[in-house]
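Below, each chain spelled out in residue letters.
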Amino acid sequence: MQFILSMGKDFSKQFNMFYSLKTVKTGFIILIGLFFLIGFLSSCSQLKTRKKKDDLMSEKFSFETEDGTSKLIGDCANIGNYHPIQVRGYGLVNCLPGTGGDDINSLERRIVYDEMTRMGIRDVRAILADPTTAVVNILGYMRPGIQEGDVFDVEVRLPPETTAKSLRGGWLMKTKLEEMAFLAGSLKEGKTLALVQGPIMIDDPLAAESSNPAGLKQGIILSGGRVKESRSLTLHMKSGAESAFATDRIAKEINNRFFISAGQKKGMATAKTDSLIVLEIHPDYAKDVARYVRVIQAIACYENQAKQLRRMERLKTELLIPEKSQQAAFQLEAIGKKGMETLRDGLNSPNVEVRFHAATSLAYLGDGTPAKILAEIARNEPAFRVYALNALSVLRTDIEAEMALQELLHVPSAETRYGAFRALYNRNQYDRTIRGENLGNQFSYHGIVTGGPSMVHLSKSKRPETVLFGTDIYLKQPFGLEAGAIIFVNGQSSTNVVVKKFALSGIDEQRTVSNKLDEVIRAVVELGGTYPDVFQMLVQADQMKVLSCRLEIDCLPEPNRVYHRPGSSEDDELIQESSQKKTVWERMNPKNWFNTNPGGNSSDFEGTTNISVRE
């Protein structure tokens, strides 16, 4: 009996403990429930507050002008980060034929010495003291919208107090390019934005120490800089238009028009704050960022289908008015595929300006219908030529565009022919008509079979490139030419040409070839000649009048030419003067190599604007 009572007491204790624990659990569950209920009610309150705030912002920000027309993005936001970034560096040039120097007390030398020491290079003092090396200043400009892996030209020059005499034949070793500034009296380094290396093309390929010593001390490396990080554009809301609602809506409209589909749809715009949108570059406009900006600015901030149809009816009329056709075409291009039918109506206009704007916008929308019209404009209207050729290059898979550009390779105009070549290259560098080779891993080399007059074209911007238009180009004997500092081309014999390399140490080498230019160029490269060496030889041959055809340098169609509208009263003499071509030597002038502000005062920012004198 006692045993049973004892068990009963134990059971009673355990039951009381369980009951107590159960009560605690129940209370805990109730507390959690109350916590979530309070949180839910709080979030509902915040949601209502945010919705009310968004409603107030949407009421405050209007997507229409006072006359009821849709606001465009350009009405509400300004483009940002549309300026060149200046990058600088200090590097070491080697391979000089004894024309280098060691500037022990210079700032540039100290910076290079410290960098080489950090890299663990031995005998740095001996390397810098070697007469085959020289320390240089490096300067470059990274264009707006430049992408990772893209290349750009850089300027190289010897410091003012240097003892080095010449950069001819020099090769810049890999160097970092950074944003730099003088703050508080000292040089502050910024982020590394690019790397640079390559052969140096001196300013004046015919310079000598006796006649032009300054021309030997500075030069350029074509496509020498390579970008490490892409640059995005930005949109900044104008004063009074700042609104998270507005930036979200504008970013959505941009992404409806511009996106890429790599596995999943990705838009080009991201709203960051109530006043800032980050804008990536769409691949279709990677080579024409200026036009991309103009089209973005022409997108409507928001409009329903009915309003868009009414606007398109108005644009249909404005497209046919020469003074309004450009902006109308931009807006129709910004609308996208829906605007194509209206743009096609502009192709039938008797006015060349209207046809040009309609055809260009259609090309950027992927329509090859206007290929022949664009080719005709490129052939006959210098003011529109560069833009028409760019538009043809965008049509990468259109056979009509390919054929139209190929036909332009045979016209008499040098800039039209080379412009067509560059458009074909940008469109498809493996096109059978212009496909070349990377000669000696030094430069792009192309031979074009053409029905037009023979011509040699050299590039002194963007990329090292030699193009021979014609198959029967030769050097007239007798002659003697220099290809850099240690290669000489001897054409004194009437039967052959001897290309000889005088080694600084070791055994001299030579090649014997005919006087055909192709064979001579190949012999120079086989002996270790670089693009600057070939460039020097050809400029010298042209100067001595031993080249059998004309030589052109950077003979591309020029932007920002004046367009003379029929029936206007502009002064014809001023029109002709404004469109006059630069000479070879003007194009070689270093001050023309870099545009210090492509976003502000060049025609690139204006897209297809062709200014009349009246305007």
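With that settled, the discussion passes to the overall build of the chain. Across its full length, the chain carries 19 helices and 22 strands. A separation threshold of at least 6 residues defines the contact pool for the chain, and within that pool the share at least 24 residues apart is 66%. About 31,200 Å² of surface is accessible on the chain, with carbon and sulfur atoms providing 53% of the total.

This part is about the pattern of salt bridges. A full pass over the atoms with the stated rule returns 25 salt bridges. We note a salt bridge from K191 to E229, for which the minimum N-O separation is 2.6 Å. Placement of K191 in strand β6 (residues 186–199) and of E229 in the loop between β8 (218–227) and β9 (233–237) is noted, with a sequence separation of 38 residues between them. You can call E229 partly exposed: its relative accessible area is 41%. In this structure, the salt-bridge partner of R249 is E253, at a minimum N-O distance of 3.3 Å. Placement of the pair is R249 and E253 together in helix α5 (residues 244–257), with a separation of 4 residues, close to one helical turn. The exposure class of E253 is buried, given its relative accessible area of 18%. A cluster of three or more residues bridged by salt bridges with shared partners is formed by E115, R118, K176 and E178.

Reading across the sheet, the 5 strands line up as β14-β15-β17-β16-β22 and stay open at both edges, with mixed pairing between neighbours. In the strand order of this sheet, the two ends are held by β14 (437–439) and β22 (550–553), each with one partner. With strand direction ignored, the average angle separating the axes of adjacent strands in the sheet is 25°. Note that strand β16 (residues 455–458) and β22 share 4 bridges and pair parallel. Paired with H457 across the two strands is E552, which belongs to β22. Lying on the sheet, helix α15 (residues 517–526) is in contact with β14, β15 (443–448), β16 and β17 (465–469); it crosses β15 at an angle near 165°.

What follows covers the pairing of strand β4 (residues 151–157). Among the 7 residues in β4, 5 count as buried, and that is most of the element. Pairing analysis gives 4 bridges linking strand β3 (residues 134–142) to β4, with the strands arranged antiparallel. Residue pairing in the sheet places G140 in a bridge with V154 of β4. In this structure, β4 lies alongside β8, joined through 6 bridges in antiparallel fashion. Among the inter-strand pairings, V154 is bridged to a residue of β8, identified as I221.

To continue, consider the packing of helix α8 (residues 322–335) against helix α10 (residues 352–364). Where α8 contacts α10, the axes come no closer than 9 Å and their chain directions differ by 10°. Looking at the two axes, α8 sits roughly parallel to α10. Of the residues in α10, those touching α8 at P322, S325, Q326, A329, F330 and E333 are E353, V354, H357, S361 and Y364. Class assignment for the residues of the contact of α8 with α10 results in 5 nonpolar, 4 polar and 2 charged.

Further remarks concern the sheet that holds strand β1 (residues 77–80). Taken in spatial order, the 4 strands make up an open sheet running β1-β9-β13-β12, and their pairing is antiparallel. At either end of the open sheet lies a strand with only one pairing partner, and these are β1 and β12 (269–271). The average angle at which neighbouring strand axes cross in this sheet is 25°, direction not considered. With 4 bridges connecting them, β1 and β9 associate as antiparallel partners. Bridging from a neighbouring strand, I79 pairs with L235 of β9. Against the sheet, α5 contacts β9, β12 and β13 (276–279), and its axis sits at roughly 170° relative to β12.

What follows covers the environment of L177. Mapped onto the secondary structure, L177 falls in strand β5 (residues 171–183). As a C-alpha pair, L177 and R88 span 89 residues in sequence and 5.2 Å in three-dimensional space. In contact with L177, not counting residues within four places along its chain, are V87, R88, G89, I138, F152, V154, K191, T192, L193, A194 and V196.

Here we take up the confidence of the model for the chain. Averaged over every residue, the pLDDT of the chain is 83; the share at 70 or more is 80%. Confidence drops under pLDDT 50 across residues 570–615; counting only partners more than four residues distant or on other chains, this segment forms 106 contacts.

Throughout the structure, instances matching the rule amount to 12 aromatic pairs. Ring geometry for F384 versus Y563: centroids 4.6 Å apart, planes at 40°, classification tilted. With F384 in helix α12 (residues 382–394) and Y563 in the loop between β22 and α17 (572–578), the pair connects residues that are 179 residues apart, well separated along the chain. For the pair formed by F384 and Y563, the shared burial category is buried. Ring pairing ties together the aromatic residues F258, Y285, Y292 and Y364, which thus form one cluster. Geometry around F259 places K265 over its ring, the cationic atom sitting 4.3 Å from the centre. Between the NZ or CZ atom of R463 and the centre of the ring of Y425, over which it lies, the distance is 3.6 Å.

This part takes up the environment of A523. Residue placement: A523 occurs in helix α15. With 11 residues separating them along the chain, A523 and T512 place their C-alpha atoms 8.1 Å apart. Discounting chain neighbours no more than four positions away, the residues touching A523 are V499, R511 and V513.

Bringing the side chain of R168 into the picture now. Secondary-structure assignment places R168 in the loop between β4 and β5. The side chain of R168 sits in the buried core without any salt bridge; E482 is the nearest counter-charge, 4.9 Å away. The residues touching R168, leaving out its near neighbours within four places in the chain, are L96, P97, I202, D204, P205, L206, A207, L216, G484, A485 and Q536.

Moving on, we come to unusual backbone geometry. For the bond from Q477 to P478, the omega torsion is 0°, close enough to zero to count as cis. Mapped onto the secondary structure, P478 falls in the loop between β17 and β18 (480–482). If you check the backbone angles, D123 has positive phi at about 55° while not being a glycine. The topology assignment puts D123 in the loop between α3 (107–118) and α4 (124–129). Residue classification places D123 among the exposed positions, given a relative accessible area of 59%. Non-glycine residue N441 carries a positive phi angle of around 55°.

With that settled, the discussion passes to the packing of helix α13 (residues 399–408) against helix α14 (residues 414–427). The geometry of α13 relative to α14 is characterised by a closest axis approach of 8 Å and an angle of 150° between their N-to-C directions. Of the two possible hands of crossing, α13 and α14 adopt the one that is left-handed. Note on element contacts: α14 touches α13 through T416, R417, A420, A423, L424 and R427, opposite I399, A401, E402, L405, Q406 and L408. Here the residues of the contact of α13 with α14 are counted per class, giving 7 nonpolar, 2 polar and 3 charged.

Rules of the game
Residues numbered from 1 in each chain as written. Predicted model: local features only at pLDDT ≥ 70, side-chain atom pairs only at ≥ 80, totals over all residues. Heavy atoms only, no water. Helix = DSSP H or I, 4+ residues; strand = E, 2+ residues; numbered from the N terminus. Contact = heavy atoms within 4.5 Å. Areas by Shrake-Rupley, 256 points an atom, 1.4 Å probe, with all protein chains shown as cover. Salt bridge = Lys/Arg side-chain N within 4 Å of Asp/Glu carboxyl O. Buried < 20%, exposed > 50% of the residue type's maximum accessible area, 1.4 Å probe, protein only. Pairing = 2+ DSSP bridges. Axes fitted to C-alpha atoms, helices over the stretch in contact; angles between N-to-C directions. Parallel < 35°, antiparallel > 145°, perpendicular 65-115°, else oblique. Nonpolar A, V, L, I, M, F, W, Y, C, P; charged D, E, K, R; others polar. pLDDT = per-residue confidence, 0-100. Phe/Tyr/Trp six-rings, centres within 6.5 Å; stacked < 30°, edge-to-face > 60°. Lys NZ or Arg CZ within 6 Å of the ring centre and 35° of its normal. Lys, Arg positive; Asp, Glu negative; His and termini not counted. Left-handed = near helix turned anticlockwise from the far one by under 90°.

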